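The chain contents come next:
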Amino acid sequence: MNAPVSAAQQQSLQKTELLSQLIQRLEPHLPKHAMLWHNEDTTPYECDGLTAYRQRPLMVVLPETYAQVQAVLKTCHALNVPVVARGAGTGLSGGAMPHALGVTLSLAKFNKILKIDPVSRTAVVQGGVRNLAISEAAAPHGLYYAPDPSSQIACTIGGNVAENSGGVHCLKYGLTVHNVLKVSGFTMEGEAVTFGSDALDAPGYDLLAVVIGSEGMLAVTTEVTVKLIPKPQLARCIMASFDDLRKAGDAVAAVIAAGIIPAGLEMMDKPMTAAVEDYVHAGYDLSAAAILLCESDGTAEEVEEEIGRMSEVLQRCGATAIAVSQSEAERLKFWSGRKNAFPASGRISPDYMCMDSTIPRKRVADILIAIAQMEKKYNLRCANVFHAGDGNLHPLILFDANDADQLHRCELFGAEILETSVAMGGTVTGEHGVGVEKLNSMCVQFSAAENEQMFGVKRAFDPKGLLNPGKVIPTLQRCAEYGRMLVRGGQIKHPDLPRF
């Protein structure tokens, strides 16, 4: 008598059969080297920059032409196989984490800059082009692409579109959505789609802002038309030290209230400055409770006037020291610490979880003080660096992922930061996206009806729900389960928030 087949065995048989079908149907469209399914080949794709959560995909495909992308999507749609698009894998919310019974669609080979037009000040690039490569290609024309995430040396424009990435200069020059004219790609059904146009407006509904920041749930991006802007004649940076977090936070609000929009306005607390100074030796004041980096760019006259105004505001707010870059080399040195905050944190902790919430500028000090209290509550360290000018926080919770208890405490710590941010009038994400990391926190910020409206948009583009499924929008069941967990643990801090 045959022994009954276990659930694990059934799942293994299902995966084997599905993989066989995929290979058979994709072989006519893809070269053999563009299909990976052995564990040693797919393991490098099991996570993005959020390494705490991992899952090997059933298969990884690396198409080289638009026709091949279309064939992959049509095949997966016909077989009801989930698809997760992937750029460079630098995301920090698990947005590119694979599906166990799905295909990871890598856009790595779509790395061509198709056109630089210095007259219209635009560039047409494929989705796998690195962010920084656009500015490098435009530099001979005196132009550059403004959004500059800290990962710009590696992250791709397709990923930037998916997450609506920003960067240290987003306060003055905007996020990805403000710097993109057109996005082209394919729906889950393999239909070619274009959002936006080469002009400043497009006929019909404005869906460009819908697809930018949709985290790969609506379409697979293959081509992007971005805006380019002239390189400023001059840029100088102020490094201001403060002996008190509240003074530094108030200074951020005071600069904006004075009618000044700096090219960049960033803040780092003492633990973060210590970490980056040991790493890059940027000349930071290690005695300061917080430092601000305030940049001005434009003509020499504009910069001189704005630097003077900002210095006055910072002094009035209690800055204990102010240094102004006297050369381009010194300006880059000031920024080197901020740009290397994440790798510097990796040197002082086995792992870190980078949160990404927003709060009103006037609450900067409040959230930092609250995070300091959470450090004691969860017995974990946290270093803070963020885009202070637009209130986009990046607390880095330091932990050891090999310790299950530390990971659990880290998750609770992060969830409380996000909930506190919402309670202060902010949001659960500024530029890193929701992915899998913030699914529960979406239950805190949005009501069931609001989440259902988001599902409605998803269904309009992807009726079967196969494109990057199980991310970004929480189900009603998930929110109910999360709510019960918080009630049992007595962890609901802000009962007036829309949830569950």
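The following paragraphs examine the structure supplied in this document.

What counts, and at which threshold
- Residues numbered from 1 in each chain as written.
- Predicted model: local features only at pLDDT ≥ 70, side-chain atom pairs only at ≥ 80, totals over all residues.
- Heavy atoms only, no water.
- Pairing = 2+ DSSP bridges.
- Helix = DSSP H or I, 4+ residues; strand = E, 2+ residues; numbered from the N terminus.
- Contact = heavy atoms within 4.5 Å.
- Axes fitted to C-alpha atoms, helices over the stretch in contact; angles between N-to-C directions.
- Disulfide = S-S within 2.5 Å.
- Buried < 20%, exposed > 50% of the residue type's maximum accessible area, 1.4 Å probe, protein only.

## Quick look at the sheet that holds strand β4 (residues 103-106)
Then comes step 1: Spatially, the 4 strands line up as an open sheet ordered β1-β2-β4-β3, and their pairing is mixed. What marks the edges here is a single partner per strand, and that holds for β1 (35-36) and β3 (83-86).
Then comes step 2: On top of the sheet, helix α3 (residues 66-79) reaches β2 (59-61), β3 and β4; it is set at about 165° to β4, its chief contact.

## Some points on the packing of helix α8 (residues 245-257) against helix α13 (residues 364-378)
Each packed pair of helices is defined by two parameters, the angle between the axes and the distance between the axes.
Then comes step 1: Following both chains from N to C, one finds α8 and α13 inclined at 150°, their axes separated by 7 Å at the closest point. Of α13, the residues touching α8 (which contributes Leu245, Arg246 and Gly249) are Val364, Ala365, Asp366, Leu368 and Ile369.

## So, the state of the cysteines
Each disulfide consists of a covalent bond between the sulfur atoms of two cysteine residues.
Then comes step 1: If you walk through the whole model with that rule in mind, you get 1 disulfide.
Then comes step 2: The residue that forms a disulfide with Cys443 is Cys479, at a sulfur-sulfur distance of 2.2 Å. Disulfide Cys443-Cys479: torsion about the S-S bond near -85°, hence left-handed. One end of the pair, Cys443, is in helix α15 (residues 439-445); the other, Cys479, is in helix α17 (residues 476-489), with 36 residues separating them in the sequence. One exposure class covers both Cys443 and Cys479, and it is buried.
Then comes step 3: In this structure Cys382 is a free cysteine whose sulfur lies 8.9 Å from that of Cys410, the closest cysteine sulfur available.

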